[in-house]
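Chain by chain, the residues:
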Amino acid sequence: MIIERVELRVIRMQLKEPFETSFGREHDREAILVTVYADGLEGWGEVVASRDFGYSYETIETAWHVLRTFLIPAVLGQEIPDVETVARIGERLRGHPMARAGLEAAFWDLFARRAGLSLARYLGGVRERVPVGVSIGLQPTDEILLEKIRGYLEEGYQRIKVKIKPGRDVEMIAAIRRMFPEIPLMADANSAYRLEDADRLAALDEFRLMMIEQPFHWDDLYEHSLLQARLRTPICLDESIHTARHARAALEMGACRIINIKPGRVGGLLEAKRIHDLCHARGVPVWCGGMLETGIGRAANVALASLPGFTLPGDLSASDRYYHEDLIDPPFVLNPDGTLSVPTGPGLGVHVDRRKVDRATVRMEAFQR
Ligand code: NPQ
Ligand code: MG
């Protein structure tokens, strides 16, 4: 397909409530939407970088720069036969996975629509519904956190993930376990600990957590392998897994037993699928992470999570977990069994509401061949 037009938009969405992690607090979500046009079809992708660095070094500004200066000129007016071609263009850059993933996602949507298939089917998905959990940010007090957990359990979420950091860990998890002895529970540190804190993390072993996510540095594998050797609880790596090569190295050195897959973190759905395939072949469970996506990024994640190796509930909450009003219609809603239904229409399989997109847009640029 000859790519006729690409549009970039920065959108800003008010969060229902602030989301706090070990690296900071967000009140609203900014993201970039990418739209590609060819042969009378369009494809939508979401770049999950934020206004500020924190989760990673990428920001809206770095992603915008990389897209308009390097990636869009490489596809505009070109014959692009498949997503592999887009991925190869992206791989010429070092780093900037979120920028690359957002463009690639738009092409996945475009090519799946051309094939008349849902993105899930196009990727090789096998599930009609995917199990979902919820990620709860740091709260002012344990009492407020316990109330939040109770609310999400009542809504039907299949597992609870809480954020931890030094000073908000063992006692807080103990309080959760006293109130909810049996729920599927996990903790995400977003790289807040150092190797010297290993005793504190080992003290979490008694709480039967499903996993501890990313305790150490965002690019570390080795120190995680030292910690995993001391823990019964599986370590799950998020920030540290940048490619399928990293995933293989992490598994072979015993740095983790579970991997969180996010297309934005690993440069796109193609690399995400490679990590899935590697883990699936080795019997290593994976789950789909979340980046406070709008319905556009969420739909791509749900499609990815329909692959057979995604056996654990993902951070794939319903649209109303973060936003009063999503950009897609209808929004994602939680099924009574704690799943999200995988869209079956062509491509992402969701209707992008352009009026809502326009209202959320704070910056726009179009590139025409
Ligand atoms: C994680 N997500 O698994 C990330 C981290 C995260 C749902 O826990 C703005 C944009 C704020 C993206 C905060 C969840 C964010 C963000 C945290 C991602 O580690
Ligand atoms: Mg995480």
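Computed from a predicted structure; not experimentally measured. The written sequence of each chain sets the order in which its residues are numbered from 1. Key to labels: chains lettered from A, ligands numbered from 1, both in the order written. Whole-chain, interface and lining totals are the exception, using all residues; otherwise, since this is a predicted model, local features are given only for residues with pLDDT of at least 70 and side-chain atom pairs are given and counted only at 80 or more. Processing note: side-chain calculations cover all non-hydrogen atoms of the structure and skip hydrogens and water entirely.

### Some details on the coordination of the magnesium ion (ligand 2)
Summarising the metal site, the magnesium ion (ligand 2) is bound by the protein donors Asp188 (OD), Glu213 (OE) and Asp238 (OD), whose distances to it range over 2.1 to 2.3 Å. Metal donors were taken as nitrogen, oxygen and sulfur atoms no farther than 2.8 Å from the ion, or 3.2 Å where the ion is Na, K or Ca. Water is excluded, so coordination may look unfinished. Motif for the magnesium ion (ligand 2), donor spacing along one chain: D-x24-E-x24-D. Within this pair, whereas Asp188 is found in strand β7 (residues 185–188), its partner Glu213 is found in strand β8 (residues 212–213), the two being separated by 25 residues in sequence. Pair check on accessibility: Asp188 and Glu213 agree, each one buried. Starting at the N terminus, helices and strands are each numbered in turn, a helix being any DSSP run of H or I of at least four residues and a strand any DSSP run of E of at least two. Using a 1.4 Å probe on the protein chains alone, a residue whose accessible area is under 20% of its type maximum counts as buried, one over 50% counts as exposed, and one in between counts as partly exposed.

### A short note on the packing of helix α5 (residues 142–155) against helix α6 (residues 170–179)
It is the contact of α5 with α6, at a shortest axis distance of 10 Å, that shows an interaxial angle of 45°. Taken together, the axes of α5 and α6 lie oblique to each other. Note that α5 runs across α6; the crossing there is right-handed. Listed contacts from α6 to Asp142, Leu145, Leu146, Ile149 and Arg150 of α5 are Glu171, Met172, Ala175, Ile176 and Met179. Any residue outside Ala, Val, Leu, Ile, Met, Phe, Trp, Tyr, Cys, Pro, Asp, Glu, Lys and Arg is labelled polar, Gly included; the first ten of those are nonpolar and the last four are charged. Broken down by class, the residue content of the contact of α5 with α6 amounts to seven nonpolar, no polar and three charged. As a rule, the C-alpha atoms of each element are fitted with a line to give its axis, helices using only the stretch in contact, and angles between N-to-C directions run from 0 to 180 degrees. Any angle from 65 to 115 degrees is called roughly perpendicular, while one under 35 is roughly parallel, one over 145 is roughly antiparallel, and all others are oblique. Crossing handedness: left-handed means the near helix sits turned counterclockwise from the far one by under a right angle, and right-handed means the same turn made clockwise. Contacts between residues were defined by any pair of non-hydrogen atoms, one from each residue, lying within 4.5 Å.

### Brief notes about the site of ligand 1
Around ligand 1, the surrounding shell holds 20 residues, and the nearest of these are Ser135, Lys161, Lys163, Asn190 and Gly290. Identification of polar contacts relies on pairs of N or O atoms within 3.5 Å, with a donor-acceptor requirement for protein atoms, meaning one able to donate a hydrogen and the other able to accept it, and with residues adjacent in sequence counted only if both atoms are side-chain atoms. Glu213 is positioned such that a nitrogen or oxygen atom in its side chain is 3.5 Å from an oxygen atom of ligand 1. The protein chains hide 99% of the 440 Å² of surface that ligand 1 would expose on its own. Listing elements by their share of the shell around ligand 1, those giving two or more residues are β1 (5–21), β2 (24–38) and β6 (160–163). The nearness test applies per residue and asks whether one of its heavy atoms lies within 4 Å of the molecule or strand. For accessible areas, the Shrake-Rupley method is used with a probe of radius 1.4 Å. Any residue's cover is judged against the shown protein chains and nothing else.

### A few points about the sheet that holds β1
Paired through their backbone hydrogen bonds, the strands of a sheet run either parallel or antiparallel. Two strands form a pair only when DSSP identifies at least two bridges running between them. In spatial order, the strands read β3-β2-β1-β15; together these four strands make up an open sheet with antiparallel pairing. Of all the strands in the sheet, just β3 (41–47) and β15 (361–368) have a single pairing partner and so form its edges. Along the sheet, successive strands turn relative to each other by an average axial angle of 25°, direction set aside. In this structure, β1 lies alongside β15, joined through seven bridges in antiparallel fashion. Following the sheet pairing, Ile11 is matched in β15 by Thr361.

### Describing the packing of helix α2 (residues 83–91) against helix α3 (residues 97–115)
Two elements in contact, α2 and α3, have axes whose closest approach is 9 Å; the angle formed by their N-to-C orientations is 170°. Relative to α3, the element α2 lies roughly antiparallel. Along the contact surface, α2 presents Val83, Val86, Ala87, Gly90 and Glu91, while α3 presents Arg100, Leu103, Glu104, Phe107, Trp108 and Phe111. For the contact of α2 with α3, the per-class residue count stands at seven nonpolar, one polar and three charged.

### Some thoughts on helix α11 (residues 269–282)
A helix is expected to reach a length of 1.5 Å times the quantity of its residues less one. Taking 1.5 Å as the rise per residue, α11 with 14 residues should run 20 Å; its terminal C-alpha atoms sit 20 Å apart, in good agreement. Among the residues making up α11, those that are buried are Leu269, Leu270, Glu271, Ala272, Ile275, His276, Leu278 and Cys279. Phi turns positive one or two residues past the end of α11, at Gly283, with a value near 70°.

### Quick notes on the side chain of Asp169
Residue placement: Asp169 occurs in the loop between β6 and α6. By relative accessible area, Asp169 is classed as buried at 2%. Setting aside anything within four residues of it in sequence, one finds Asp169 in contact with Ile164, Tyr193, Arg200 and Leu204.

### Some words on the domain arrangement of the protein chain
Accessible area lost during the coming together of the parts is what is often quoted as the interface size. Here the protein chain is partitioned into domain 1 (5–117 + 352–368) and domain 2 (121–341). The straight-line distance from the C-alpha centre of domain 1 to that of domain 2 is 23 Å. Between domain 1 and domain 2, the contact holds 38 residues from the first and 44 residues from the second. Accessible area that two parts lose when put together, evaluated with a 1.4 Å probe and summed over both, is termed the buried area. Across the interface of domain 1 and domain 2, roughly 3,700 Å² is buried in total on both sides, 67% from carbon and sulfur atoms. Here, a salt bridge means any side-chain nitrogen of Lys or Arg that lies within 4 Å of a carboxyl oxygen of Asp or Glu. Remark: the boundary between domain 1 and domain 2 carries three salt bridges. Here Arg274 ties to Glu91 by a salt bridge, and the two come within 3.7 Å at their closest N and O atoms. Inspection of the domain 1/domain 2 interface yields 14 residue pairs in polar contact (both at pLDDT 80 or more). Taken together, the elements giving at least two residues each to the side of domain 1 that touches domain 2 come down to β1, β2, β3, α2, α3 and α13 (354–360). Its residues assigned to classes, the side of domain 1 that touches domain 2 shows 22 nonpolar, four polar and 12 charged. Residue ranges assigned to each domain were obtained from an automatic or database domain assignment.

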